[in-house]
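Here are the chains, one letter per residue:
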Protein chains: 2
Amino acid sequence: MDDKEPRWLTEAEAAAWMPLLATAMWLPAALDQQLQVDAGMSNFEYGVLAALSGQEGRTVRLSELARMANSTLPRLSKVIDRLDRNGWVIRRPDPADGRSTLATLTDKGVEKVEATAPGHVARVRALVFDHLTPAQVRQLATITTKISATFELDRICAPRPSRDSSAETTGNDARASLA
Amino acid sequence: MDDKEPRWLTEAEAAAWMPLLATAMWLPAALDQQLQVDAGMSNFEYGVLAALSGQEGRTVRLSELARMANSTLPRLSKVIDRLDRNGWVIRRPDPADGRSTLATLTDKGVEKVEATAPGHVARVRALVFDHLTPAQVRQLATITTKISATFELDRICAPRPSRDSSAETTGNDARASLA
DNA sequence: GAGTTTAACTTGACAAGGCAAGCAAATAGG
DNA sequence: CCTATTTGCTTGCCTTGTCAAGTTAAACTC
């Protein structure tokens, strides 16, 4: 059934794999922790608010927002419930299509994002960039761009029956508004 | 209270941050998916079995195993329940210390790990290393080692009241047995 | 050596995410 | 137009992780 010698990791690869995995497991938790303490929200929720704040009219259809935030629709639906309860977002049926729901960032939501962003950026710096040289930042960008591109392929090839092919959606993350 | 200009991310940093975050969010999910399909277990469970398989007598105390797997004790306790139900691990009180519990990898567990490892490694290659040059692999090792070292500091400084200081535990991940 | 403190787990209640089923609006077909 | 299908979202159930409390054993104090 399986190959006798399945191409093990080289020593150099193993030396990269362990800290990479550790980083992948801890980075989201570390971001969650800071945002939870300072702003009472998760990293994912912040990403949703940030994504909304960058949109025309601070409004997006849920299905598109889910795509922007790398989320499933059920997950997003529940998160919007919570953001709605907090008064940061409002839900409203799309007048142009009764099936769709529009999420809009409220003024209170804008304030919240603006109040939260500096601390979040500071944490990102402290966790990642403060320890890297400019050259390493460039290397990191190149490498992670390659890796994350793999997930795009995965997402398109594996789970779907093959639908729309979508060349336009190159998979932007929700944090566009950080820059 | 807060600085007027909170040191925003540079363009280069933002270019690294977005794909890094995407990678951190998707890598664990992608590993889970493969292991779930091929072996009926999560990435975390695989990590626990792999950590056990590398130990003298395939046996470790739960508290130390939790440290090796970057896990909390409650989480590990429940995972061991499941691994126990599957016959891959057995629990046994530590004869040397009645408070402690020893987890031992069974023969069936060893077989499971050995049967699972090749597919897992193949996935790791496909997701990460197949797209990187040897130089990039070295860069990645250097960079992620720096980043993950930050989490060690975080874990020691932030949440604890200041306990043992532990210079010995440099935070190895559970995947030692991949190399 | 009895009483208190600490350590190692376990358990229970609760929140979060995933999957599948349900529902309502829009589109398509005849 | 009336039905059938598809699309967009919501809901319910189940699994999993976290936090706090409980339990038992060791260590420490006097």
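Below is a short write-up of the structure.

Basis of the calculations
Residues numbered from 1 in each chain as written. Chains lettered and ligands numbered in written order. Predicted model: local features only at pLDDT ≥ 70, side-chain atom pairs only at ≥ 80, totals over all residues. Heavy atoms only, no water. Salt bridge = Lys/Arg side-chain N within 4 Å of Asp/Glu carboxyl O. Helix = DSSP H or I, 4+ residues; strand = E, 2+ residues; numbered from the N terminus. Buried < 20%, exposed > 50% of the residue type's maximum accessible area, 1.4 Å probe, protein only. Near = heavy atom within 4 Å. Polar contact = N/O pair within 3.5 Å; in protein donor to acceptor, adjacent residues only side chain to side chain. Axes fitted to C-alpha atoms, helices over the stretch in contact; angles between N-to-C directions. Parallel < 35°, antiparallel > 145°, perpendicular 65-115°, else oblique. Left-handed = near helix turned anticlockwise from the far one by under 90°. Contact = heavy atoms within 4.5 Å. Buried area = accessible area lost by both parts, 1.4 Å probe.

### Some thoughts on the pattern of salt bridges
Considering all chains together, one arrives at 14 salt bridges over all chains under this definition. The partner of Glu 13 of chain A in a salt bridge is Arg 125 of chain B, and the shortest N-O contact between them spans 3.0 Å. Of this pair, Glu 13 of chain A sits in helix α1 (residues 11-39) while Arg 125 of chain B is found in helix α5 (residues 107-127), placing the two residues in two different chains. In this structure Arg 125 of chain B comes out as buried when scored by relative accessible area, which is 7%. Residues Arg 91 of chain B and Asp 81 of chain B are paired through a salt bridge, measuring 2.1 Å at the closest nitrogen-oxygen approach. Here the residue Arg 91 of chain B occupies a position in strand β2 (residues 89-93), and Asp 81 of chain B occupies one in helix α4 (residues 73-85), the gap between them amounting to 10 residues. Judged by its relative accessible area of 29%, Arg 91 of chain B is partly exposed. Since its relative accessible area comes to 32%, Asp 81 of chain B is described here as partly exposed. Taken together, the shared-partner salt bridges in this structure form one network comprising Glu 13 of chain A together with Arg 125 and Asp 130 of chain B.

### Examining the protein's contact with DNA strand D
Surveying the vicinity of DNA strand D reveals 18 residues, the closest of which are Ser 63, Lys 78 and Arg 91 of chain A together with Lys 78 and Gly 98 of chain B. Counting only the atoms of DNA strand D within 4 Å of the protein, the fraction contributed by sugar and phosphate is 68%. In this structure, a phosphate oxygen belonging to DNA strand D sits 3.4 Å away from a main-chain N or O atom of Leu 62 of chain A. Side-chain polar atom of Arg 91 of chain A to a phosphate oxygen of DNA strand D: 2.8 Å apart, as the coordinates give it. For the surface near DNA strand D, the secondary structure elements donating two or more residues are α3 (62-68) and α4 (73-85) of chain A together with α4 of chain B.

### Here's the deal with the packing of helix α2 (residues 43-53) of chain B against α5 of chain B
Packed helices, taken two at a time, are described by their axes: the angle between them and the distance between them. Residues and elements named next belong to chain B. Running from N to C, α2 and α5 cross one another at 125 degrees; their axes reach a closest spacing of 11 Å. Between α2 and α5, the angle falls in the class oblique. Considering the relative orientation of α2 and α5, their crossing is left-handed. Across the interface between the two elements, Asn 43, Tyr 46, Leu 49 and Ala 50 from α2 touch Val 113, Thr 116, Ala 117 and His 120 from α5.

### Remarks on helix α2 (residues 43-53) of chain A
Of all the 11 residues making up α2 of chain A, 10 are buried; the element is thus mostly covered by neighbouring parts of the structure. Taken together, the buried positions of α2 of chain A are Asn 43, Phe 44, Glu 45, Tyr 46, Gly 47, Val 48, Leu 49, Ala 50, Ala 51 and Leu 52 of chain A.

### Examining the interface of chain B and chain A
Across the contact, 62 residues belong to chain B and 62 residues belong to chain A. Taken together, the two surfaces of chain B and chain A that pack against each other cover about 6,400 Å², and 73% of this comes from carbon and sulfur. There are 2 salt bridges connecting chain B and chain A. In this structure, the connection of chain B to chain A is made through 8 residue pairs in polar contact (both at pLDDT 80 or more). Residue assignment for the side of chain B that touches chain A shows that the elements contributing at least two residues are α1 (11-39), α5 and α6 (134-157) of chain B. At 19 residues, the largest contribution of residues to the side of chain B that touches chain A is made by α1 of chain B.

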